[in-house]
Structure formats: structure tokens, C-alpha cells
Amino acid sequence: MSFPEGLPGRLSLKRPAREVVLDGIDLELGRGCRASLTGPNGSGKTTVLRLAAGLLLPDSGTVKVFDLDPCRRHSAAARMLGLSLSGERSFYWRLSAKENLEYFGALQGMPRSRLRTRISEALAALGLAEDSSRPVEALSTGYRQRLALARAVLHSPGLLLLDEPFRSLDEESVRSFTGLLDELSRTGTSILVATPSSEEAGSFSDSVFRLGDARPGEGRGI
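For clarity, every value in this text was computed on a predicted model and none was experimentally measured. (Residues numbered from 1 in each chain as written. Predicted model: local features only at pLDDT ≥ 70, side-chain atom pairs only at ≥ 80, totals over all residues. Heavy atoms only, no water.)

1. Some points on helix α5 (residues 141-153)
Short version of the rule: What counts as a helix is a DSSP run of H or I of at least four residues, what counts as a strand is a run of E of at least two, and both are numbered from the N terminus. To estimate how far a helix should reach, multiply one less than its number of residues by 1.5 Å. It only takes one pair of heavy atoms within 4.5 Å for two residues to be counted as in contact.
Between its first and last C-alpha atoms α5 spans 19 Å; for 13 residues at 1.5 Å apiece the expected length is 18 Å, and the two agree. In this structure, the buried side of α5 is in contact with β2 (81-84), α3 (97-107), α4 (112-125), β3 (159-163) and α6 (171-186).

2. Focus on the packing of aromatic side chains
Two measures describe an aromatic ring pair: the distance that separates the ring centres and the angle between the ring planes. Selection criterion: Pairs were defined over the aromatic rings of Phe, Tyr and Trp, the Trp ring being its six-membered one, requiring ring centres within 6.5 Å. Orientation was assigned from the angle between planes: stacked under 30 degrees, edge-to-face over 60, tilted for the rest. Think of it in three bands: residues with accessible area under 20% of the maximum for their type are buried, residues over 50% are exposed, and the middle band is partly exposed, with areas taken using a 1.4 Å probe on protein chains only.
Counted under the stated rule, the structure contains six aromatic pairs. Between Phe91 and Phe104, the aromatic rings sit 6.1 Å apart at their centres with planes inclined by 85°, giving edge-to-face as the arrangement. Of this pair, Phe91 sits in the loop between β2 and α3 while Phe104 is found in helix α3, placing the two residues 13 residues apart along the sequence. Among the residues examined, Phe91 registers a relative accessible area of 6% and is labelled buried. Here the aromatic rings of Tyr103 and Phe104 are separated by 5.3 Å at their centres, their planes lie at 75°, and the arrangement is edge-to-face.

3. A short note on the confidence of the model for the chain
What counts is decided by this rule: For every residue, the predictor reports its confidence as pLDDT, a number between 0 and 100.
In the predicted model, the chain carries a mean pLDDT of 84, and the fraction of residues at 70 or more is 86%. Note that residues 214-222 has pLDDT below 50 and, in this model, 28 contacts with residues that lie over four places away or in other chains.

4. Observations concerning the pattern of salt bridges
To keep it simple, the criterion reads: A carboxyl oxygen of Asp or Glu within 4 Å of a side-chain nitrogen of Lys or Arg is what we treat as a salt bridge.
Applying the stated criterion across every chain, the model contains five salt bridges. The partner of Glu121 in a salt bridge is Arg118, with the nearest N and O atoms 2.9 Å apart. Here Glu121 pairs with Arg118, and both are found in helix α4, just three residues apart, close to one helical turn. Glu121 gets classed as partly exposed once you look at its relative accessible area, which sits at 33%. Residue Glu171 pairs with Arg175 through a salt bridge whose shortest N-O separation is 3.3 Å. With a gap of four residues between them, Glu171 and Arg175 both fall in helix α6, about one helical turn apart. Overall, the relative accessible area of 53% leaves Arg175 in the exposed class.

5. A closer look at the layout of surface pockets
Rules: Grid spacing is 1 Å over the protein atoms alone, the probe is 1.4 Å, and a cavity is where that probe fits but cannot get out, while a pocket is an open set with protein on both sides within 12 Å along at least five of seven lines and lining residues have an atom within 4 Å of a point. Grid points are joined across faces, edges and corners, and a volume is the space filled by probe spheres set on the points. Three residue categories are used. Nonpolar comprises Ala, Val, Leu, Ile, Met, Phe, Trp, Tyr, Cys and Pro, charged comprises Asp, Glu, Lys and Arg, and polar comprises the others, including Gly.
The space that makes up the second largest pocket amounts to roughly 590 Å³. In this structure, the second largest pocket is lined by 23 residues; those nearest its centre are Ala78, Leu83, Phe104, Gln108 and Arg151. Elements supplying a minimum of two residues to the lining of the second largest pocket: α2 (74-78), β2, α3 and α5. Tallied by class, residues from the lining of the second largest pocket come to eleven nonpolar, eight polar and four charged.

6. Observations concerning the sheet that holds β2
Formally: At least two DSSP bridges between two strands are required for those strands to pair. In this description, a line fitted to the C-alpha atoms serves as the axis of each element, helices being fitted only across the stretch in contact, and the angle between N-to-C directions of two axes falls anywhere from 0 to 180 degrees.
Strand order in the open sheet formed by five strands is β2-β3-β4-β1-β5, and the pairing between neighbours is parallel. Edge strands, defined here as strands with exactly one partner in the open sheet, are β2 and β5 (207-210). Each strand axis lies, on average, 15° off the axis of its neighbour in the sheet, ignoring direction. Here β2 pairs with β3 via four bridges, running parallel. Its bridge partner being in β3, Gly82 is matched across the sheet by Leu160. Set on the sheet, α6 makes contact with β1 (34-38), β3 and β4 (190-194); between it and β3 the angle comes to about 155°.

Right under this line is the structure:
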């Protein structure tokens, strides 16, 4: 942008340099697989989850969820996905925690009897039952993060994408929630967890994908 001669420039626009977040990623999950993405902050862990959920478009390459492009066929892919991102805020804050789960479960087309059972199981596994009748706006950040995990597992998705799922859990809740994930894995749900902790990734997963290990152009698969 230029200005007439003699006028001071009060605005300048510059095209930002292109930043490559992910390059050479080759990632495939089999049925019932439990895998982790690990690496330093900024290595692209959450970006991988967003790509798989159809929330971001890749500059190149392909993303398939059960042979569906999650961007082109988002609604169909979303029914097969469970997603929990850190800093989750997409709840209805004036509804109770339980009412939110009832609403999102209904959106997935879950039968009422099945939905009631799954809500009870998820609330119990994550230590949420006691305050589940309170409005979300009155609940702590940690509670809302755990509620996002409950929503993600509610419909027993085929693929579960979890961003730092154990961060807001105490030791007892970690054991309980891990048991729930074990059950989902045994029944065929594939689980991909993003975590900065190599120890956490190794203890939970069958396979670990370290984003910092792959040089540009060298994809690594799971």
C-alpha cells in the first residue's frame, strides 16, 4: 500500500511469511488402535486433530476418516468422530452439564435409553455426577474440560480425538477414564491422543508418533 507523496505512512501491510506447521506426516490408525501424538508445544499436535476433524483444510495431501473426507463430508464424518480440544467452550452455558450431554447425544441420534445409560457412565467415569445438575456457567474450567471428554465418548465413536485429555483429571479420575477408554478400544474405537508428555503417551498408547522426530519430507506412520 502506498501513500501520496508528502503524507506520512500510517498503515503498512506486509504479507506474512508462510509458516509450515506440519510436513511429511503419514499417519494411519487401525481399528481399536490407541495412539499418541507427542512433541514440544507448536509441533502441530492439535493441528493434526483439527485436520482429522475437518476443522482445518490441509494445504496439500489428503485426510480420510473411514474413507470420507472430513472437510467435504463433514456431517457424515462427524457422526463417526468424538473430539475434545483443550480450552473447549462450545457448551450451552445456561443449561446444566447433564442437559448439555442430553442435547449433544440427541444430535448424534442416540436412542433415549442408550443415551441415559451412556451419560451416567461418562459422568461417573470422570467424577462429574455430583454437580451435573448445575449450569455450565457456574462450573470450574477443569469441570468443563472433563465435560468435553464426556461428550466426546458419549456416542461410542469410531475415532476418538483427544487433546491433552488427562490434564484436568486427578489420579482417581485418570484411572476411571482410562478404563472407559480401554472399553471403547476393545469394542473397536480408535483413539488418538495429543500430549506433550512422552511418559503419558507411552503409558497409554500402543503406538507413539513424535512429531519432532520426523524431518520435513519424511513421513512416519502408525
